[in-house]
Amino acid sequence: MLRLYNTLTRRVEELSPLEAGRVKIYTCGPTVYRDAHIGNLRSYLMADWIRRALEAQNLEVTHVKNITDVGHMRQEVLEQGGDKVIAAAIAEGKTPAEIAQFYTERFFADELKVNIIPAMHFPKATDHVAEMLEIVEGLVETGHAYEVHGNVYFDVASFDGYGKLSGNIQEAELLEAVRVEADPLKRDPRDFTLWKQAEPGRELKWPSRWGEGFPGWHIECSAMSVKYLGRRFDLHTGGVDNIFPHHEGEIAQSEGFTGEPVVSVWTHGQHLLADGVKMAKSAGNSFILADIESQDIDPLAFRYLCLTARYRTRLNFTFTALKAAQRGLHRLRNRVWEWNAAPGEGDSNEDAFIEWRGRFVDLVNDDLNMPGALALTWELARSDVPAGLKLRLVRSFDEILGLGLEQPAAAHLVPDDVKARVSERLRLRSAGEYAPADSARDSLSDAGYVVEDTTNGTRVRPKTAWERRQEGWHSYSSSAEVPSLLDKPDAADISIGVVACNYVEDVKRCVLSALNWVGDRDVELVVVDNGSDDGAADWLEEASAGDPRIRVIHTDHVLGEAAAKNIVLKQCRGKLVVLLDTSTEVVGDLFDPLDAMLEDESVGVAGPFGLRTNDLHHFHDGEGESGDMDAMQAYCFAFRRESLAGVGLMRESFRFYRNLDIDYSFHFKDRGYRIVADPTLPIALHEHRVWSELPEAERDELSRKNYRRFLDKWRERPELLHSNRGAQ
Ligand code: AMP
Ligand code: ZN
């Protein structure tokens, strides 16, 4: 039987069904005012593997997943001061219900794409307000809740078991919740809202015996789980962030209402991180399935990636890891495709079947050891088990893995003329005419087909979208993937480095103006196309095809600012490196003066726009002065390439550009270099769109975060300030 970690008892426990042969599961579902991100999907995948594991063992599973279609009282919504999607949709004349419907359908489509078996019920919160009110009224009657001015609160002190799920993890979270919801009407700051009076102008509201209002967040899951699964059910799942306050609240409500334990086992999935940090919209790393699909990566490669880590450990999502998963999935499917060609043979060895399958199920049952189960699948693939039996086994494994391992075999149909060309190639080969045989293979490849010679003969299949994409320009998923040329000797006089992310017109202006002023100097232009999708990438490709001085390096998604710039730093080969922002335009001879400034070995960084500070807190621009500065702004930032050996690369925790230049300037100062500005350098500044097109609240927050990173590193180093050096 399946064993799972029960957050409530803090032990791995056997899931013993309350009713023989049946298991009832409730999964906290999506909030449908936005797309589910891939972290959410990881949580739903965990629930899906649990369900598949149970069904594969002939248990009848009832699975309920709620749809939160009221974005009320969620922390994030409160913090944002409303939901932008709703605001936008309302501006377009849509109703909240239409928005919810739109994202609900996208959610269903996403689940299907990663082979999540649909739940039996997807109850919507707005359809169950009556059931929620029934529980709230019940709680008021039994003294677990109280009303103040049309609001109803759960009285935490009245429920002994409060805290049993989250234990000591709740304290910090509780403080945070109290800070966000400092509500003077509560008797105890721990009390939480069950029903809230509607403020004037609110659209989503319902009548109640306390007047018009709307339900708290936790109450929907109490109401819907009890309605669809009864007053006792087996398993409740969610992500770890649900433990407190959501599930702690749900237990208090449900048990306060029914007077008995409701859920036997609570299982929580650890988070998916992205590029090493928590996913957040503002950090640009809150990926959704469409981000994966837009790169021609199979959504099931994401499922494969999630199989490689156990649900109780964090998993770091990177596109590099995803591409590795895509390759793994592709190889495995290809094997299955080969076995398909030779079925029948040896597939009736019942003892071997039972043994392999038993090993597989044991791994899955061991607290969902999916990495082990995947490894066993590969062990089978590499073993000398006959192909027919491999096929039978892998089919039964895939009922739980859900990777669609046989999908390509069905899609690998090829037209007759292609088959004829394959036969012709075989004929050439067996006649020893290898060169024509190879060119026949190449022409099939150009036509989009892969010819593979296997031990079972030659087979042909259409290339996958992913394989076709690999034939286009290469793109990197991280700066770590890009080789460093820093230890190579200089190969040009000047490298001009640009990071381009959309705004194709700005990119053109910047690149062409720089080339206009390089004269006949020996330059290279290293442009990182940082995940552009507005045509900037194509323009750069064309420009570089027509001008060998331009080199374009693509990334497959938008990397953080420091990571993108580090790609420039690792790849440039010029003696002098000039980093330009795409908002700049070179309007005169920039390069001779920069060269002259950097001839002085004590100068590390040169550029037009310097910054000074006396206290590390207030940076002000050089105000037209020239001379020593504390930092150089990123618009134009020049240095000798050789200095990188000591200075190093930029810190990639800086995902946003702001304050990264200050931080990097301090790296130079830390190595004893001076930062020198000349405001007469011929650079014109245009609108800086990354700044101007970001909502104010977002850019403030991002700037603040980066500033904190800067201070954490440099606050104890006031001796680096130019003002302090002058005084010595
Ligand atoms: P929400 O739409 O915010 O209610 O979240 C839906 C589900 O996804 C909940 O079970 C969350 O606990 C879970 N979840 C949220 N963020 C992540 C993440 N980064 N990784 C894994 N699961 C998550
Ligand atoms: Zn829930």
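Residues numbered from 1 in each chain as written. Chains lettered and ligands numbered in written order. Predicted model: local features only at pLDDT ≥ 70, side-chain atom pairs only at ≥ 80, totals over all residues. Heavy atoms only, no water.

### A look at unusual backbone geometry
Then, in step 1: Residue Pro 245 is bonded to the preceding Phe 244 through a cis peptide linkage, with omega at 0 degrees.
Then, in step 2: Within the fold, Pro 245 resides in helix H8 (residues 243-258).
Then, in step 3: Located in the positive-phi region is His 149, a residue other than glycine, with phi close to 50 degrees.
Then, in step 4: Looking at the element boundaries, His 149 is found in the loop between strand S5 (145-148) and strand S6 (151-154).
Then, in step 5: Note on His 149: relative accessible area 60%, which makes it exposed.
Then, in step 6: Despite not being glycine, Leu 616 has its phi angle at roughly 70 degrees, a positive value.
Then, in step 7: Among the secondary structure elements, Leu 616 is positioned in the loop between strand S22 (610-613) and strand S23 (619-621).
Then, in step 8: On the basis of relative accessible area, Leu 616 is assigned to the buried category, the value being 4%. (Helix = DSSP H or I, 4+ residues; strand = E, 2+ residues; numbered from the N terminus. Buried < 20%, exposed > 50% of the residue type's maximum accessible area, 1.4 Å probe, protein only.)

### Comments concerning the side chain of Asn 502
Then, in step 1: With respect to the helices, strands and loops of the structure, Asn 502 is situated in the loop between strand S16 (492-500) and helix H19 (504-516).
Then, in step 2: Only 3.3 Å separates the side chain of Asn 502 from the backbone nitrogen of Asp 534, close enough to count as a polar contact. (Polar contact = N/O pair within 3.5 Å; in protein donor to acceptor, adjacent residues only side chain to side chain.)

### What about the packing of helix H12 (residues 350-365) against helix H14 (residues 387-401)?
Then, in step 1: Where H12 contacts H14, the two axes come as close as 10 Å, and the packing angle between them is 25 degrees. In terms of axis orientation, H12 runs roughly parallel to H14. For the pair H12 and H14, the sense of crossing is right-handed. For the pair H12 and H14, the contacting residues are Glu 350, Ala 352, Phe 353, Trp 356, Arg 357, Phe 360 and Val 364 in the first and Leu 389, Arg 392, Leu 393, Ser 396, Phe 397, Ile 400 and Leu 401 in the second.
Then, in step 2: A class-by-class count of the residues in the contact of H12 with H14 yields ten nonpolar, one polar and three charged. (Axes fitted to C-alpha atoms, helices over the stretch in contact; angles between N-to-C directions. Parallel < 35°, antiparallel > 145°, perpendicular 65-115°, else oblique. Left-handed = near helix turned anticlockwise from the far one by under 90°. Contact = heavy atoms within 4.5 Å. Nonpolar A, V, L, I, M, F, W, Y, C, P; charged D, E, K, R; others polar.)

### Overview of the environment of Arg 549
Then, in step 1: In this structure, Arg 549 sits in the loop between helix H20 (536-546) and strand S18 (550-555).
Then, in step 2: Taking relative accessible area as the criterion, Arg 549 reaches 30% and is therefore assigned partly exposed.
Then, in step 3: For the pair Arg 549 and Arg 232, spaced 317 residues apart in sequence, the C-alpha separation works out to 70 Å.
Then, in step 4: Sequence-distant contacts of Arg 549, defined by excluding residues within four places in its chain, comprise Leu 515, Val 518, Gly 519, Val 523, Glu 524 and Leu 525.

### Brief notes about the sheet that holds strand S19 (residues 574-580)
Then, in step 1: Spatially, the nine strands line up as an open sheet ordered S15-S18-S17-S16-S19-S26-S21-S27-S24, and their pairing is mixed. Since the sheet does not close on itself, it has two edges, and those belong to strand S15 (475-476) and strand S24 (627-629), each with one partner.
Then, in step 2: Relative to S18, strand S17 (residues 523-530) runs parallel, the two being bridged by six bridges. By the bridge assignment for S18, Val 526 is matched with Arg 551.
Then, in step 3: Relative to S17, helix H21 (residues 561-571) is tilted by about 150 degrees, and along the sheet it contacts S16, S17, S18, S19 and strand S26 (636-640). (Pairing = 2+ DSSP bridges.)

### Re the pairing of S17
Then, in step 1: Of all eight residues in S17, eight are buried, a share of seventy percent or more.
Then, in step 2: Taking every second residue as pointing to the same face, both faces of S17 are buried, with Val 523, Leu 525, Val 527 and Asp 529 on one and Glu 524, Val 526, Val 528 and Asn 530 on the other.
Then, in step 3: For the handedness criterion, the β-α-β arrangement of S16, H19 and S17 is classed as right-handed.
Then, in step 4: Between the parallel pair S17 and S18, the chain is carried across by H20, and the sense of this crossover is right-handed. (Right-handed = clockwise from strand over helix to strand, strands pointing away.)

### Regarding helix H17 (residues 434-446)
Then, in step 1: The end-to-end C-alpha distance of H17 is 18 Å, a good match for the 18 Å that 13 residues give at a rise of 1.5 Å each.
Then, in step 2: Taken together, the buried positions of H17 are Ala 437, Ala 440 and Leu 444. One face of H17 carries all of its buried residues, which in axial projection span an arc of 60 degrees. Facing away from the buried side of H17 by over 90 degrees, the exposed positions are Ala 435 and Asp 446.
Then, in step 3: Contacts made by the buried residues of H17 are with helix H16 (416-430) and strand S13 (449-454). (Expected span 1.5 Å × (residues − 1). Arc of directions from axis to C-beta.)

### Overview of the packing of helix H13 (residues 370-382) against H14
Then, in step 1: Axis separation between H13 and H14 bottoms out at 11 Å; the angle between their running directions is 165 degrees. When the axis of H13 is compared with that of H14, the two are roughly antiparallel. For the pair H13 and H14, the crossing hand works out as left-handed. Across from Met 370, Ala 373, Leu 376, Thr 377, Leu 380 and Ala 381 in H13, the residues of H14 making contact are Lys 390, Leu 393, Val 394, Phe 397, Ile 400 and Leu 401.

### Considerations on the site of ligand 1
Then, in step 1: Close contacts around ligand 1 come from 19 residues, with Gly 39, Ser 43, Asp 241, Asn 242 and Leu 272 the closest.
Then, in step 2: Gly 39 places a main-chain nitrogen or oxygen 2.9 Å from a nitrogen atom of ligand 1.
Then, in step 3: For ligand 1, an oxygen atom lies 2.9 Å from a polar atom in the side chain of Asn 40.
Then, in step 4: When isolated, ligand 1 has an accessible area of 490 Å², and the protein chains bury 93% of it.
Then, in step 5: Elements that contribute at least two residues to the shell around ligand 1 include exactly helix H1 (38-56) and strand S9 (233-239).
Then, in step 6: Broken down by element, the residue count for the shell around ligand 1 peaks at four residues, all from H1.
Then, in step 7: Residues that form the shell around ligand 1 fall into these classes: five nonpolar, eleven polar and three charged. (Near = heavy atom within 4 Å. Areas by Shrake-Rupley, 256 points an atom, 1.4 Å probe, with all protein chains shown as cover.)

### Some details on the nonpolar core
Then, in step 1: The biggest cluster of nonpolar side chains holds 80 residues, and the ones touching the most others in it are Ile 50, Leu 54, Ile 292, Phe 302, Phe 317, Leu 322 and Leu 368.
Then, in step 2: Tallying contributions element by element places H1 first for this core, with ten residues.
Then, in step 3: Of the residues that make up this core, three or more belong to each of domain 1 (3-7 + 21-269) and domain 2 (289-410).
Then, in step 4: Residues in contact with Leu 54, not counting those within four places in the same chain, are Met 1, Leu 2, Leu 15, Val 23, Ile 25, Leu 59 and Val 61.
Then, in step 5: Formed by 41 residues, the second largest nonpolar core is a distinct cluster that contains Tyr 476, Leu 559, Ile 567 and Leu 660. (Core = buried A, V, L, I, M, F, W, Y, C linked by side-chain atoms within 4.5 Å. Domains from an automatic or database assignment.)

Keep in mind these values describe shape, not function.
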